[in-house]
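Next come the chains, spelled out residue by residue.
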Amino acid sequence: MTIIAGQTVVLTGASRGIGVFIARALAKEKATIVGVSRSAEGLDQVSAEVKALGGRWLGIKHDLSQLEDLPNLVQQINQFAGPIDILINNAGIEIYRKFQDYSTAELQSILTINLLSGMELSRLVLPKMLDQRRGHIVNIASLAGKKGNPYNSVYSASKAGLLMWTDALRQELADTGVGISAICPGYVSGQGMIADTGVPIPKLAGASQADDVAKAVIRAIKQNQAEVIVNQDPITASISKLLMAVWQVFPEFGDTVYHWMGVGKLNQLRIENQKHVALKFSESKSMVTATTPKTNER
Ligand SMILES: NC(=O)c1ccc[n+]([C@@H]2O[C@H](COP(=O)([O-])OP(=O)(O)OC[C@H]3O[C@@H](n4cnc5c(N)ncnc54)[C@H](OP(=O)(O)O)[C@@H]3O)[C@@H](O)[C@H]2O)c1
């Protein structure tokens, strides 16, 4: 889809972090943005920015973990914003734990928000896109889906699933006019879930900015790119790509490099520093009963 102006774009996880930067980039492209997340306050703040940049905005407060409510969400979007041209599955959570310490509810929550909600939304919007022979889906994955992250293993599994599902669906969608892209940011500094942990990024891993991820999303849509790695600069991104390929063949070599970079040690620190994540999780659970989506104005 070479032109984003005037397209209706659903962006999940629009209330904070990287989602805000994607919303700004879409606003500059003059898209109509439907921002979805649980925080009405966050959505309202983004609404003001999007409008100031010349974009159109509809914010919908919705808990994506409630998969059975997603048909209502899509129906509401169709009613208030028209058919969905572009879907960006950006919402995500991570919970750092030793694997055996995860609760069943935490396993379900990570996999549902990071993987199943994007699948379900795509399943619901694809028939219309296929009828129109146009549309695009963007899945925000992670380098953690390319090489397992110790003490964040369920997040890694969710992102690996997202990548492999995108890869398979892209082949199904060939020649339909509907595109699909996966974006794999490495560590993002300054904004977002990694910055929120307050634990430094491993030296030598490279770090990108949320704005780089947003630019990659716009490029991926316009050029129908299959998979994009976003890291510090194009050279670091190319090195990451090469290393991920080598580690597919020699996984123990990858383990050694991660150990040397201190990935596991830093993630163990994140277990201690993630009280805010636990809070987000309990907020998510307490909102299970609040299923009636609330819209705010365009
Ligand atoms: N930050 C990084 O370094 C990094 C690196 C690689 C990949 N990524 C990926 O980039 C994406 C965005 O991450 P981020 O860093 O911006 O994270 P973030 O700052 O924690 O923001 C997460 C977004 O997801 C939304 N969300 C979470 N649970 C939700 C639910 N149940 N229903 C609806 N919305 C929900 C949050 O909104 P509410 O809380 O208001 O619901 C928020 O808008 C994620 O998919 C993440 O895995 C991030």
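A.B. asks: What am I meant to see in the overall build of the chain here?
C.D. replies: Looking only at helices and strands, the chain has eleven helices and ten strands in total. Taking 2.2 N^0.38 as the reference for a compact globule, 298 residues should give roughly 19 Å; the C-alpha atoms of the chain span a radius of gyration of 18 Å, in line with that estimate. Each of the three principal axes of the chain carries a C-alpha extent, and together these read 50 × 40 × 35 Å. Taking all 298 residues of the chain together, the buried fraction comes to 54%. In the chain, 73% of the contacts between residues at least 6 apart in sequence involve partners at least 24 apart. Summed over its atoms, the accessible surface of the chain is roughly 13,500 Å², and 56% of this surface lies on carbon and sulfur atoms. Taking the average location of the 30 positive side-chain charges in the chain and that of its 26 negative ones, the two points are 4 Å from each other.

A.B. asks: Teacher, can you tell me more about the packing of helix 1 (residues 18-28) against helix 7 (residues 210-223) here?
C.D. replies: Helices that pack against each other are described as a pair by the angle of their axes relative to one another and the distance between those axes. In the contact formed by helix 1 and helix 7, the axes pass within 8 Å of each other and the chain directions differ by 50°. By the angle class used here, helix 1 and helix 7 are oblique. Crossing handedness for the pair helix 1 and helix 7: right-handed. For the pair helix 1 and helix 7, the contacting residues are Ile18, Phe21, Ile22, Ala25 and Leu26 in the first and Ala210, Asp211, Val213, Ala214, Val217 and Ile218 in the second. When its residues are assigned to classes, the contact of helix 1 with helix 7 shows ten nonpolar, no polar and one charged.

A.B. asks: What is the right way to look at a nonpolar patch on the surface in this model?
C.D. replies: On the surface, a cluster of nonpolar side chains totalling about 500 Å² of accessible area is made up of Leu242, Val246, Val249, Phe250 and Phe253. Here the element with the most residues in the nonpolar patch is helix 8 (residues 234-249); it accounts for three residues. Positionally, Phe253 belongs in helix 9 (residues 251-261).

A.B. asks: Explain the side chain of Asn114 here, please?
C.D. replies: Along the polypeptide, Asn114 turns up in helix 4 (residues 104-132). In terms of polar contacts, Asn114 uses its side chain to reach the side chain of Ser158, at 3.1 Å. Filtering out sequence-adjacent residues up to four positions away, Asn114 remains in contact with Ala91, Gly92, Ile93, Tyr155, Ser158, Lys159 and Leu162.

A.B. asks: Which parts of the structure should I look at to understand the nonpolar core?
C.D. replies: A general feature of soluble globular proteins is that nonpolar side chains tend to end up buried together. Val10, Val34, Leu64, Leu73, Ile77, Ile84 and Leu121 are the most contacted members of the largest nonpolar core, which totals 43 residues. Where this core is concerned, the elements lending two or more residues are strand 2 (32-37), strand 3 (56-61), helix 3 (70-81), helix 4, helix 5 (153-173), strand 6 (178-185), helix 8 and helix 9. Residues in contact with Leu64, not counting those within four places in the same chain, are Thr12, Val36, Leu70, Leu73, Ala91, Ser117 and Leu121. If you look at the next biggest cluster of nonpolar residues, it comprises 35 residues, including Leu26, Val213, Ala220 and Val228.

A.B. asks: How should helix 8 be read in this particular structure?
C.D. replies: Owing to its 3.6 residues per turn, the α-helix aligns residues three or four sequence positions apart on the same side. Along its 16 residues, helix 8 runs 23 Å from first to last C-alpha, staying within 8% of the 22 Å computed at 1.5 Å per residue. Restricting attention to buried positions, one finds in helix 8 the residues Thr236, Ala237, Ser240, Met244 and Trp247. On an axial view of helix 8, the arc spanned by its buried residues comes to 100°, and they lie on one face. The exposed set on the far side of helix 8, more than 90 degrees from its buried face, consists of Pro234, Ile235, Lys241, Leu242 and Val249.

A.B. asks: Just to check I follow, could you spell out the environment of Leu121 for this structure?
C.D. replies: Locating Leu121 in the fold gives a position in helix 4. For the pair Leu121 and Leu67, spaced 54 residues apart in sequence, the C-alpha separation works out to 8.7 Å. For Leu121, the residues in contact, after removing those within four places along its chain, are Thr12, Leu64, Leu70, Leu73, Val74, Leu87 and Asn89.

A.B. asks: Help me understand the site of the ligand, please; the structure alone is not making it clear to me.
C.D. replies: What surrounds the ligand is a group of 31 residues, the closest being Arg16, Ile18, Arg38, Asn90 and Tyr155. In this structure, Arg16 approaches the ligand through a side-chain N or O atom, which is 2.6 Å from an oxygen atom. Within the backbone of Val188, a nitrogen or oxygen atom sits 3.0 Å from an oxygen atom of the ligand. Burial of the ligand by the surrounding chains reaches 98%, relative to a free accessible area of 880 Å². Contributing elements (two or more residues each) for the shell around the ligand: helix 5, strand 7 (187-188) and helix 6 (193-196). Of the residues in the shell around the ligand, the class split is 14 nonpolar, twelve polar and five charged.

A.B. asks: Sorry, what's going on with the environment of Ala91 here?
C.D. replies: Residue placement: Ala91 occurs in the loop between strand 4 (86-89) and helix 4. Separated by 72 residues in sequence, Ala91 and Gly19 place their C-alpha atoms 7.8 Å apart. Dropping the residues within four chain positions of it, Ala91 is found in contact with Thr12, Gly13, Leu64, Ile113 and Asn114.

About the cut-offs
- Residues numbered from 1 in each chain as written.
- Predicted model: local features only at pLDDT ≥ 70, side-chain atom pairs only at ≥ 80, totals over all residues.
- Heavy atoms only, no water.
- Helix = DSSP H or I, 4+ residues; strand = E, 2+ residues; numbered from the N terminus.
- Rg over C-alpha atoms; globule rule 2.2 N^0.38 Å.
- Buried < 20%, exposed > 50% of the residue type's maximum accessible area, 1.4 Å probe, protein only.
- Contact = heavy atoms within 4.5 Å.
- Areas by Shrake-Rupley, 256 points an atom, 1.4 Å probe, with all protein chains shown as cover.
- Lys, Arg positive; Asp, Glu negative; His and termini not counted.
- Charge placed at Lys NZ, Arg CZ, Asp CG, Glu CD.
- Axes fitted to C-alpha atoms, helices over the stretch in contact; angles between N-to-C directions.
- Parallel < 35°, antiparallel > 145°, perpendicular 65-115°, else oblique.
- Left-handed = near helix turned anticlockwise from the far one by under 90°.
- Nonpolar A, V, L, I, M, F, W, Y, C, P; charged D, E, K, R; others polar.
- Patch = residues over 30% accessible without salt bridge, like charges linked within 9 Å, V, L, I, M, F, W, Y side chains within 5 Å.
- Salt bridge = Lys/Arg side-chain N within 4 Å of Asp/Glu carboxyl O.
- Polar contact = N/O pair within 3.5 Å; in protein donor to acceptor, adjacent residues only side chain to side chain.
- Core = buried A, V, L, I, M, F, W, Y, C linked by side-chain atoms within 4.5 Å.
- Expected span 1.5 Å × (residues − 1).
- Arc of directions from axis to C-beta.
- Near = heavy atom within 4 Å.

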